[in-house]
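# A structural walkthrough
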Amino acid sequence: MKLYLEDRSPSIKDRWDGRTTASAQSARILVPRLVRATADIYGVSLWVSTVDTVGLPEFKAAQVALANAWRVREVSVTETDTPGLIRVRALVTNPLTCTVEMAPPPCPVTDWGAVPMGPDMWGDPITLPIKDASGMVVGGNPGTGKTAWCLGLITTLAPSDSVQMAVANGKAPAPMIGDYRGVAPRISHLLGSDLEEVVEFLTGLQAEMNRRYTLMWDQLGVDSFWESKSAPSPQWPVLVVLLDECQTWMQDPRVVDLTADIEAKCRGAGIFLILATQKPTDNNLPTRIRDLCTTSLCFPVRTTAAAIAALGEGLREYPEMSPLHRMRPEFRGVGTIINETSSGYTQFKAPFCTRTLAAQVAHATAHYTRDFPGITVGRGHRITAQAPSAPVRKLRVVRGEKVTASTHPTSARRGSTR
Ligand SMILES: Nc1ncnc2c1ncn2[C@@H]1O[C@H](COP(=O)(O)OP(=O)(O)OP(=O)(O)O)[C@@H](O)[C@H]1O
Ligand SMILES: [Mg+2]
């Protein structure tokens, strides 16, 4: 490892002394200059200004030697946007095995092209593009983190008044049972595994997509949602639709036809479809739907078939990125992702979204929840039949008109009216 430049060309003094052709009496040592250093929970980053003949290739060749010399887990050297400046990343912990709890979202999402996702294998934040995207497939063996990631995404998006979300959970016998019960207040339409309800919902979603295309020019002045400067907005929200355990309905030709049509056309209408299933092989998710998703995400899986189905044939060229290697408990929540904005496969660790946080954020932002226009199915969870915590207000009927009177907890509890 020789990360310095030994300059033996004669100096002005050497030339003055008559040493014009020979090498200098003493060499000048040029060391790449440390421009900036930062530290985080995973390690340190150093920005280094390179010198002649000691640049990116030389630093890359010295990665292993640097890791040994510094006694750190791993060192990676990458170029930066500035010519002559490289970044040396030294990791002391593995970001993929560190479980980090998701923090409450600090503000509503405004950049729809870069929704925060979590740290990648080098501890650098990565993002998910929803802007200009049709949707994503989410694969992963049971218990590897698909639903937790979906809850995290709902929690990240919830504080924005410019998004509406719908969820169908193939695992839930009824809408208010299971994983999405806590976030229900922020979900416009919540469905369980009932096939007919899912068909009705998707039929309504297809109609809404077509209605958006019909109205878009008149109301937004564009032909495609993401070209608009005034959308997403509360009037024209992004519609995020999650079908968790989507294999539940994919044997039904109506669901397949509706989902394929929506997936193919929804990008320009501002609709983003998320299809989560444990093994996204063609028997669980037909390829004509799966292959149109703009993002593919795969949590740990046990077979190559499942990994390739989720992430595409390209994964064969990057075996080190295979989610097969992550089939251990400490890698729960580690996703391998590829999309049209990333330069290849990336692995990241999803911050763990607890159900408590998800429910708190959903309650705090419930006032943003609106119906998807024209869709009535899956609204039962928003019409609450729970006992009121405050005393019921007694109603007094005066000449056929309802008039609010004083409260009377005892009579209210007995259900008496006067
Ligand atoms: N990002 C994460 N960090 C740490 N642990 C996680 C993470 N995500 C999930 N887990 C752990 O894994 C468990 C299972 O996660 P989750 O319910 O999301 O799995 P799943 O892939 O949806 O499984 P299934 O296919 O059975 O529904 C969680 O209860 C949690 O303990
Ligand atoms: Mg799940």
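My aim in this report is to walk through the structure given alongside it, one point at a time. Please read all numbers here as calculations on a predicted model, not as lab measurements. (Residues numbered from 1 in each chain as written. Chains lettered and ligands numbered in written order. Predicted model: local features only at pLDDT ≥ 70, side-chain atom pairs only at ≥ 80, totals over all residues. Heavy atoms only, no water.)

## Re the sheet that holds strand β4 (residues 43-49)
In spatial order, the strands read β3-β4-β6-β5; together these four strands make up an open sheet with antiparallel pairing. Both outer strands of the open sheet, β3 (33-40) and β5 (74-79), are each paired with one neighbouring strand and no more. When the angles between neighbouring strand axes are averaged without regard to direction, this sheet yields 20°. Inspection of the sheet shows β3 paired to β4 by seven bridges, in the antiparallel sense. Across the sheet, D40 pairs through a bridge with G43, a residue of β4. (Pairing = 2+ DSSP bridges. Helix = DSSP H or I, 4+ residues; strand = E, 2+ residues; numbered from the N terminus. Axes fitted to C-alpha atoms, helices over the stretch in contact; angles between N-to-C directions.)

## Describing empty space enclosed by the protein
Counting across every chain of the model gives one cavity of 30 Å³ or more. Looking at the largest cavity, its volume works out to about 50 Å³. Taken together, C150, L153, I154, M165, A166, V167, V240, L242 and I274 make up the full set of residues lining the largest cavity. Residues of the lining of the largest cavity, tallied by class, amount to nine nonpolar, no polar and no charged. (1 Å grid on protein atoms, 1.4 Å probe; cavity = no way out; pocket = protein on both sides within 12 Å on 5 of 7 lines; lining within 4 Å. Points joined across faces, edges and corners; volume = space filled by probe spheres on them. Nonpolar A, V, L, I, M, F, W, Y, C, P; charged D, E, K, R; others polar.)

## Considering the pairing of strand β10 (residues 163-169)
Within β10, seven of the seven residues are buried, leaving the element largely enclosed by the surrounding structure. Going residue by residue along β10, you find V163, M165, V167 and N169 tucked away on one face and Q164, A166 and A168 tucked away on the opposite face as well. Summarising the sheet, β10 and strand β12 (residues 238-244) pair through seven bridges and their orientation is parallel. Bridge assignment links M165 to a residue of β12, and that residue is V240. Here three bridges tie β10 to strand β11 (residues 189-191), and the two strands are oriented parallel to one another. Residue pairing for β11: V167 is matched across the bridge by L190. (Buried < 20%, exposed > 50% of the residue type's maximum accessible area, 1.4 Å probe, protein only.)

## Overview of the site of ligand 1
Around ligand 1 there are 17 residues in total, and G143, K146, A148, K171 and A350 lie nearest to it. Within the backbone of T144, a nitrogen or oxygen atom sits 3.3 Å from an oxygen atom of ligand 1. K171 places a side-chain nitrogen or oxygen 2.6 Å from an oxygen atom of ligand 1. Expressed as a share of its isolated accessible area of 630 Å², the protein-covered part of ligand 1 is 79%. The class makeup of the residues in the shell around ligand 1 is four nonpolar, eight polar and five charged. (Near = heavy atom within 4 Å. Polar contact = N/O pair within 3.5 Å; in protein donor to acceptor, adjacent residues only side chain to side chain. Areas by Shrake-Rupley, 256 points an atom, 1.4 Å probe, with all protein chains shown as cover.)

## A closer look at the pattern of salt bridges
Taken as a whole and assessed by the stated rule, the structure comprises 16 salt bridges. Two residues, R28 and D7, come together in a salt bridge whose shortest N-O distance is 2.4 Å. Taken together, the residues R28 in strand β2 (residues 28-30) and D7 in strand β1 (residues 5-7) connect sequence positions 21 residues apart. For D7, a relative accessible area of 17% gives the class buried. The shortest N-O distance in the salt bridge between D132 and R267 comes to 2.6 Å. Linking D132 in the loop between β8 (125-128) and β9 (135-139) with R267 in the loop between α6 (253-265) and β13 (271-276), this pair joins segments that are 135 residues apart in sequence. A relative accessible area of 36% means that D132 is categorised as partly exposed. What emerges from the salt-bridge pattern is a single network uniting E196, D252 and R254. (Salt bridge = Lys/Arg side-chain N within 4 Å of Asp/Glu carboxyl O.)

## Examining the packing of aromatic side chains
The tally for this structure, following the rule as stated, stands at three aromatic pairs. Their ring planes at 85° and their centres at 4.9 Å tell us that F225 and W226 sit as a pair that is edge-to-face. Summarising the burial analysis for this pair, F225 and W226 share the class buried. Here Y318 and Y345 contribute two aromatic rings whose centre-to-centre distance is 5.9 Å and whose plane-to-plane angle is 55°, an arrangement assigned as tilted. (Phe/Tyr/Trp six-rings, centres within 6.5 Å; stacked < 30°, edge-to-face > 60°.)

## Digging into the pairing of strand β16 (residues 346-349)
Of the two faces of β16, the one carrying T346 and F348 and the one carrying Q347 and K349 are both buried. Relative to β16, strand β15 (residues 334-339) runs antiparallel, the two being bridged by four bridges. Looking at β16, one finds that T336 is bridged to Q347. Here β15 hands over to β16 after six residues, the two strands then running antiparallel side by side.

## Let's talk about the packing of helix α5 (residues 195-220) against α6
A pair of packed helices is captured by two measures, namely the crossing angle of their axes and the spacing between those axes. Direction vectors running N to C along α5 and α6 enclose 30°, while the axes themselves pass 10 Å from each other. In terms of orientation, α5 and α6 fall into the roughly parallel class. Crossing handedness for the pair α5 and α6: left-handed. Contacts from L195, E196, V199, L202, T203, L205, Q206, M209 and Y213 of α5 reach α6 at R254, V255, L258, T259, D261, I262 and K265. (Parallel < 35°, antiparallel > 145°, perpendicular 65-115°, else oblique. Left-handed = near helix turned anticlockwise from the far one by under 90°. Contact = heavy atoms within 4.5 Å.)

## Some points on the state of the cysteines
As enumerated under the stated definition, the model contains zero disulfides in all. We note that C266 lacks a disulfide partner, and the nearest cysteine sulfur, in C293, lies 8.7 Å from it. The class for C266 is buried, based on a relative accessible area of 0%. (Disulfide = S-S within 2.5 Å.)

## Observations regarding the environment of K131
Position of K131 among the secondary structure elements: in the loop between β8 and β9. The exposure class of K131 is partly exposed, given its relative accessible area of 39%. Measuring from C-alpha to C-alpha, the distance between K131 and A114 comes to 8.1 Å, with 17 residues separating the pair along the chain. Filtering out sequence-adjacent residues up to four positions away, K131 remains in contact with W112, G113 and W226.

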